[in-house]
Amino acid sequence: MGIASINPATGSVVHEFSPLTTAEVEGKLERAAIAFQSYRNTSFEQRAVWLRAAADILEARKDEFAQTMTLEMGKLLRAGVAEVEKCALLCRYYADHAPEFLADVSVSTEAQRSFVRYQPLGAVLAVMPWNFPFWQVFRFAAPALMAGNVGLLKHASNVPQSALAIEAILREAGFPEGTFQTLLIGAQQVADIVADPRVVAATLTGSEAAGASLASAAGKALKPTVLELGGSDPFVVTAYADVDTAIAQAVTGRLLNNGQTCIAAKRFILLESIADQFTAGFVERFNALKVGDPTNADTDLGPLSTPAILSELEDQVNRCIAQGAKVLVGGDRAALLKSMPTSQQSGNYYPATILSELPPGCPAYSEEFFGPVALLFTVKTLDEAIALANSTAFGLGASAWTQDPQEQERCIQELDAGAVFINSLVKSDPRLPFGGIKRSGYGRELSVEGIRAFVNAKTVWLQA
Ligand code: NAP
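Computed from a predicted model, the values in this text were never measured in an experiment.

A closer look at the sheet that holds strand β5 (residues 123-127)
The strand order across the open sheet built from six strands is β7-β6-β5-β8-β9-β17, with neighbouring strands paired in mixed fashion. Here the strands that pair on one side only, and so sit at the sheet edges, are β7 (180-182) and β17 (441-442). Judged from the five bridges that link them, β5 and strand β6 (residues 150-154) form a sheet pairing that is parallel. Each bridged residue has a counterpart across the sheet, and for Ala123 the counterpart in β6 is Val150. Each of β6 and β7 is contacted by helix α6 (residues 160-172), which is oriented at about 160° to β7, the strand it contacts most.

Considerations on the site of the ligand
The ligand sits among 25 residues. The nearest are Trp130, Ser157, Ser207, Leu229 and Glu368. Taking Ser157, its side chain carries an N or O atom lying 2.5 Å from an oxygen atom of the ligand. In the model, a nitrogen atom of the ligand is placed 3.1 Å from a nitrogen or oxygen of the Ser213 side chain. Across the complex, the protein chains shield 83% of the 900 Å² of accessible surface that the ligand would expose by itself. Among the elements of the structure, α5 (135-147) and α8 (208-220) are those that each provide at least two residues to the shell around the ligand.

Some words on the environment of Trp50
Among the secondary structure elements, Trp50 is positioned in helix α2 (residues 44-60). Distance in space between the C-alpha atoms of Trp50 and Phe394 is 37 Å, their sequence separation being 344 residues. Contact partners of Trp50, with chain neighbours within four places excluded, come to Tyr39, Thr42, Ala173, Gly174, Phe175 and Pro176.

With respect to the sheet that holds strand β18 (residues 455-462)
Reading across from one edge, β3-β4-β18 is the order of the three strands in this open sheet, with antiparallel pairing throughout. Two strands lie at the open edges of the sheet, namely β3 (105-106) and β18, each paired on one side alone. Where strand β4 (residues 113-120) and β18 come together, eight bridges link them in antiparallel fashion. Of the residues in β18, the one forming a bridge with Arg113 is Leu462.

Let's talk about the packing of aromatic side chains
Tallied over the full model, the rule gives 17 aromatic pairs. Seen from their ring centres, Trp50 and Phe175 are 5.5 Å apart, and the 55° between their planes marks the pair as tilted. Taken together, the positions of Trp50 in helix α2 and Phe175 in the loop between α6 and β7 put the pair 125 residues apart, joining distant regions of the chain. When sorted by exposure, Trp50 lands in the same class as Phe175, which is buried. Look at Phe282 and Phe286: their rings are 4.8 Å apart centre to centre, the planes differ by 55°, and that puts the pair in the tilted class.

Structural notes on the domain arrangement of the chain
According to the domain assignment, the chain consists of domain 1 (3-229 + 440-462) and domain 2 (233-429). For domain 1 versus domain 2, the separation of C-alpha centres amounts to 30 Å. Regarding the contact of domain 1 and domain 2, the summed buried area is about 2000 Å², with carbon and sulfur atoms giving 51% of it. Among the residues of domain 1 in contact with domain 2, Leu76, Trp130 and Ser440 are the three that bury the most area, contributing 25% of the side total. Between the two partners, domain 1 and domain 2, sit zero salt bridges. Across the contact surface, domain 1 and domain 2 share 13 residue pairs in polar contact (both at pLDDT 80 or more). Elements with a contribution of two residues or more to the side of domain 1 that touches domain 2: α3 (62-73), α4 (77-101) and α5. No other element matches α4, which puts three residues into the side of domain 1 that touches domain 2. Here the side of domain 1 that touches domain 2 is composed, by residue class, of 10 nonpolar, seven polar and six charged.

Remarks on unusual backbone geometry
Unlike most non-glycine residues, Asn257 shows phi in positive territory, near 60°. Looking at the element boundaries, Asn257 is found in the loop between α9 (243-255) and β11 (265-271). Classification of Asn257 by relative accessible area gives buried; the value is 7%. With a phi angle near 55°, Lys438 is a residue other than glycine that sits in the positive phi range. Inspection of the secondary structure puts Lys438 in the loop between β16 (419-422) and β17. For Lys438, a relative accessible area of 39% translates into the label partly exposed.

Looking at α9
When the terminal C-alpha atoms of α9 are compared, their 18 Å separation across 13 residues agrees well with the 18 Å that a helix rising 1.5 Å per residue should span. Residues of α9 that are buried: Val243, Ala246, Ile247, Ala250, Val251, Gly253, Arg254 and Leu255. Contact partners of the buried residues in α9: β10 (233-237), β11, α10 (272-287), β14 (373-379) and β15 (397-401). Asn257 sits one or two positions beyond α9 and adopts a positive phi of about 60°.

Some thoughts on the nonpolar core
Among soluble globular proteins, nonpolar side chains are generally buried collectively. Among the nonpolar cores identified, the biggest contains 86 residues, and Leu58, Tyr94, Leu125, Phe134, Phe138 and Leu170 are the most heavily contacted of them. Both domain 1 (3-229 + 440-462) and domain 2 (233-429) contribute no fewer than three residues apiece to this core.

Structural notes on the packing of α2 against α5
Where α2 contacts α5, the axes come no closer than 9 Å and their chain directions differ by 155°. With respect to α5, the axis of α2 lies roughly antiparallel. Contacts between α2 and α5 involve Phe44, Arg47, Ala48, Leu51 and Leu58 from the first element and Phe138, Ala142, Leu145, Met146 and Ala147 from the second. Here the contact of α2 with α5 is composed, by residue class, of nine nonpolar, no polar and one charged.

Basis of the calculations
Residues numbered from 1 in each chain as written. Predicted model: local features only at pLDDT ≥ 70, side-chain atom pairs only at ≥ 80, totals over all residues. Heavy atoms only, no water. Pairing = 2+ DSSP bridges. Helix = DSSP H or I, 4+ residues; strand = E, 2+ residues; numbered from the N terminus. Contact = heavy atoms within 4.5 Å. Axes fitted to C-alpha atoms, helices over the stretch in contact; angles between N-to-C directions. Near = heavy atom within 4 Å. Polar contact = N/O pair within 3.5 Å; in protein donor to acceptor, adjacent residues only side chain to side chain. Areas by Shrake-Rupley, 256 points an atom, 1.4 Å probe, with all protein chains shown as cover. Phe/Tyr/Trp six-rings, centres within 6.5 Å; stacked < 30°, edge-to-face > 60°. Buried < 20%, exposed > 50% of the residue type's maximum accessible area, 1.4 Å probe, protein only. Domains from an automatic or database assignment. Buried area = accessible area lost by both parts, 1.4 Å probe. Salt bridge = Lys/Arg side-chain N within 4 Å of Asp/Glu carboxyl O. Nonpolar A, V, L, I, M, F, W, Y, C, P; charged D, E, K, R; others polar. Expected span 1.5 Å × (residues − 1). Core = buried A, V, L, I, M, F, W, Y, C linked by side-chain atoms within 4.5 Å. Parallel < 35°, antiparallel > 145°, perpendicular 65-115°, else oblique.

What follows is the structure in structure tokens.
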């Protein structure tokens with residue numbers, strides 16, 4: 001299927017779209033280039049008025065936008081509402097703070113005056129994933145537009161209605177024509193757009209393969225990129241943890257967005273002394289979850305977004321089991337479907353699953369599990385826990401649960417990740433930079449770092 005909304009809860013095709021032709025893409029690139037020439041000269045005050053208007057539209061129509069997301073990618077309706085609210089918060093954050101983030105920075109030298117001025121670069125291409133169809137895009141768009149850049153969005157092919165809705169919101173908010181355009185295109189059209197001289201930079205959130213492909217196209221054209229890629233975040237629980245709180249948060253952390261979150265806790269690394277207690281509580285809570293229709297208020301876990309994501313996850317679990325892993329909960333999709341109403345049996349449902357006794361070398365040690373599957377590891381010491389946490393090729397986030405200040409400091413210092421959260425789940429917050437190291441990508445979004453990702457830090461030297 002090309003570009004289409006397909007309801008993950010039923011498998012039915014809701015809306016299909018034809019990809020833009022080369023001539024249509026050309027028209028949009030030209031419009032972006034023209035728009036930039038005037039948009040770059042608008043004031044922060046004017047941009048902030050438009051961005052606040054976008055926040056107002058998001059809030060006023062949050063139920064409608066949440067429904068669009070649920071219909072296209074299956075997130076729980078209430079999670080969609082929260083996502084739209086967070087986008088509104090983000091827009092207001094950058095409307096308030098962009099002027100200070102991009103104000104001239106004086107540097108004292110021998111010059112009469114020297115300073116750094118931050119200026120926009122031009123049209124930035126954003127290649128975005130389906131898992132947070134609004135948040136991922138606004139996380140790019142709000143700072144980019146406040147900085148005076150213009151945006152081109154290539155959204156994931158399964159969320160075209162979300163993509164079109166976002167363009168419409170920004171236009172309705174007052175942003176001039178051409179300042180933010182959705183390109184309904186397939187992934188194979190991205191490299192040519194990156195190479196086009198009217199596009200000055202690119203950002204991608206998604207898989208390692210997509211990131212590498214975009215970065216290589218951008219490398220050939222000598223254009224800057226920011227990449228937010230996958231993760232297999234550790235959730236370390238030590239002997240000094242508040243275990244009950246850790247269990248409750250572990251359930252939320254693993255299952256948020258039906259388990260399809262880059263910064264979800266995926267590998268649960270437990271110190272021996274609390275392992276049994278943690279596992280018993282975790283299993284009990286997973287067993288009590290209600291899987292089903294994402295629009296129902298009492299559903300805990302909805303469907304996965306696409307059949308491809310579902311089959312990859314099922315394959316990963318099956319490979320772990322074949323190599324000797326023990327299934328504590330779930331792991332059997334056929335059994336889950338049998339327990340569901342016939343109307344839901346063609347949905348992309350997968351049971352909440354916990355695997356333990358994972359044999360070294362199985363996929364749990366090296367691959368990202370993008371769905372509701374928790375991987376449990378038991379270790380004897382904090383040294384071992386940190387070594388295991390750092391042993392993947394990823395480095396997005398890490399969460400550690402301990403009340404001991406020395407252990408906290410060790411985790412902060414020694415966990416290899418773009419973010420370490422102590423006694424908290426890893427989360428994104430407009431006020432803090434977000435991004436990874438190693439194969440989780442490079443560059444940062446959000447906060448001051450995010451808005452400075454795509455600007456010219458122009459050095460100015462004034463001499464009498
Ligand atoms: P994906 O296949 O990489 O898709 C993401 C986007 O990249 C889509 O718009 C996709 O377009 C496009 N794309 C795919 N292949 C491409 C290529 N060769 N060149 C250019 N663009 C290409 O990602 P996914 O597997 O659906 O999404 C889940 C991944 O995203 C997970 O690994 C997750 O951890 C990661 N993620 C990371 C973050 C973060 O902030 N670090 C946040 C959310 C998700 P099509 O849909 O048309 O293929």
